[in-house]
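Understanding the architecture of this molecule
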Amino acid sequence: LIPSIAAGLVTCSWTLWKMWKAYQPLPGYWLGVRGEQATGGELDTMQGDLVRVFHALVIDEEGKTWNIDHVVLTRCGLIAVETKARRKKMNVDGDAHRLKSNGRRVEFPDGRYDTKSIEQATRNAKWLERKAVEWTGGEEIPVIAVVTFPGWYVNHSDRGNVFVRNPKEIRGLLNFETHRLYEKNWQILSNQLEAACSVAFNDPKPKKKPLPQASTK
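In short, a report on the structure. Predicted model only: the values in this text are computed from it and were never measured.

Some points on the overall build of the protein chain
- Along its length, the protein chain carries 4 helices and 10 strands.
- For the protein chain, the sequential pattern of α-helices and β-strands runs α-α-β-β-β-β-β-β-α-β-β-β-α-β.
- The burial tally for the protein chain puts 38% of its 217 residues in the buried class.
- Long-range pairs, those at least 24 residues apart, make up 65% of the contacts in the protein chain with a sequence separation of at least 6.

Spelled out as structure tokens, the structure:
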């Protein structure tokens, strides 16, 4: 009887350990999902005649699969947005809700820093830039790389090639007085992104204050 009980305890312990290992990543996963939802909701308020927003652009290339969290198509180019959800540590000195970025790395108030998100956003923007040339038959389309941290206040210097922003600040990156897309390229990019993304929205009316107007070629 005792050996049977011992064996049962061992089996039960092993099962519990496997369950713990399996469910351990879930809090981080759901934090990431909530972060992407928060960013997506903010970007969707930019929808209008000058802006289309796409979510979860799936990339399957050379045996590797990944995705770009959000792509914003504007009349002046593309914005590739990577969302990073991080919990705030409330037991650190100073402002626990503030992070710093020089465009090359992100510094958190507890002393940690992150460069991988910058590298990831750079790769995504370069991929999107290359695909835009392919989709439009040789036209070079401006692509901005953005890393966004929902719920964080960002002190940024923008000395690098990647913009680090709170989702609410992405609207401020739109500049319709610079490069303007031809209507043909706008339609091509819109169709290609809609086919490549798992979620796309087509609300012709902005849900917030209207974006600045500009004529298109």
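Resuming the write-up.
So, the side chain of aspartate 69
- Here aspartate 69 is to be found in strand E2 (residues 64-74).
- Here aspartate 69 sits buried without a salt bridge, and the closest side chain of opposite charge, lysine 84, lies 6.0 Å off (N-O distance).
- Looking at aspartate 69, its side chain comes within polar contact range of the side chain of asparagine 67, at 3.4 Å.
- Beyond its immediate chain neighbours, meaning those up to four positions away, aspartate 69 contacts Glu36, Phe54, His55, Ala56, Val81, Glu82 and Thr83.

Considering the nonpolar core
- Counting residues in each nonpolar core, the largest one holds 32 residues, and the members touching the most others are Leu57, Leu78, Leu128 and Leu193.
- Counting only elements with at least two residues in this core, the list comes to strand E1 (51-61), E2, strand E3 (77-83), helix H3 (116-136), strand E7 (143-148), strand E9 (162-165) and helix H4 (183-196).
- When residues of this core are assigned to their parent elements, the largest contribution, 7 residues, is made by H3.
- By size, the runner-up hydrophobic cluster in this structure holds 12 residues, among which are Leu43, Met46, Val146 and Leu173.

Examining the pattern of salt bridges
- As enumerated under the stated definition, the model contains 6 salt bridges in all.
- Between glutamate 42 and lysine 168 there is a salt bridge, with the nearest N and O atoms lying 3.6 Å from each other. Remark: lysine 168 occurs in the loop between E9 and H4 and glutamate 42 occurs in helix H2 (residues 26-44); sequence separation between them is 126 residues.

Remarks on the sheet that holds strand E5 (residues 106-107)
- The strand order across the open sheet built from 4 strands is E6-E5-E4-E8, with neighbouring strands paired in mixed fashion. The sheet is open, and its two edges are formed by strand E6 (113-114) and strand E8 (153-156), each paired on a single side.
- The pairing of strand E4 (residues 98-101) with E8 spans 4 bridges and is classified as parallel. Looking across to E8, one finds that lysine 100 is bridged to asparagine 155.

A few points about the side chain of glutamate 82
- In this fold, glutamate 82 is placed in strand E3.
- Leave out the neighbours within four places in its chain, and glutamate 82 touches Asn67, Asp69, Gln120, Asn124, Val146, Val147 and Thr148.

Looking at the environment of arginine 171
- Note on placement: arginine 171 falls in the loop between E9 and H4.
- Residue class for arginine 171 comes out buried when judged on its relative accessible area of 16%.
- Along the chain, arginine 171 and glutamate 42 lie 129 residues apart, while their C-alpha atoms are 9.1 Å from each other.
- A polar contact is formed between the side chain of arginine 171 and the backbone oxygen of threonine 45, at a distance of 3.3 Å.

Side note on the pairing of E7
- Buried residues dominate E7, accounting for 5 of its 6 residues.
- As paired strands, E3 and E7 are joined by 6 bridges and run parallel to one another. In the sheet register, alanine 80 faces E7, and the bridge partner there is alanine 145.

Quick word on the packing of H3 against H4
- Direction vectors running N to C along H3 and H4 enclose 115 degrees, while the axes themselves pass 10 Å from each other. The element H3 and its partner H4 pack so that their crossing is right-handed. In this structure, H3 contributes Leu128, Ala132, Trp135 and Thr136 to the contact, and H4 contributes Asn185, Ile188, Leu189, Gln192 and Leu193.
- When grouped by side-chain class, the residues that make up the contact of H3 with H4 number 6 nonpolar, 3 polar and no charged.

What counts as what
Along each chain, numbering runs from 1 in the same order as the chain's sequence is written. Totals for whole chains, interfaces and linings use all residues, but because this is a predicted model, local features are given only for residues with pLDDT of at least 70 and pairs of side-chain atoms are given and counted only at 80 or more. As a rule here, side-chain values come from all non-hydrogen atoms in the structure, and water together with hydrogens is ignored. Helix numbers and strand numbers start at the N terminus; a helix is a DSSP run of H or I with at least 4 residues, a strand a run of E with at least 2. Summary of the burial criterion: residues with accessible area below 20% of their type's maximum are buried, those above 50% are exposed, and those between are partly exposed, where the area comes from a 1.4 Å probe applied to protein chains only. Only heavy atoms matter for contacts: two residues are in contact if any of them lie within 4.5 Å across the pair. A positive count includes Lys and Arg, and a negative count includes Asp and Glu. His and the chain ends are not counted in either. Salt bridges are identified by distance alone: a Lys or Arg side-chain nitrogen within 4 Å of an Asp or Glu carboxyl oxygen. Polar contacts, as counted here, are pairs of nitrogen or oxygen atoms within 3.5 Å of one another; within protein the pair requires one atom able to donate a hydrogen and one able to accept it, and residues that are adjacent in sequence qualify only if both atoms are side-chain atoms. Put simply, a nonpolar core is a bunch of buried Ala, Val, Leu, Ile, Met, Phe, Trp, Tyr and Cys residues held in one set by side-chain atoms that sit within 4.5 Å of each other. A pair of strands is treated as paired once DSSP finds two or more bridges between them. With axes taken as lines fitted to C-alpha atoms, and helix axes fitted only over the stretch in contact, angles between N-to-C directions fall between 0 and 180 degrees. Whether a crossing is left-handed or right-handed is set by the direction in which the near helix is turned from the far one by less than a right angle, anticlockwise for left-handed and clockwise for right-handed. Classification convention: Asp, Glu, Lys, Arg as charged; Ala, Val, Leu, Ile, Met, Phe, Trp, Tyr, Cys, Pro as nonpolar; all other residues, Gly among them, as polar.

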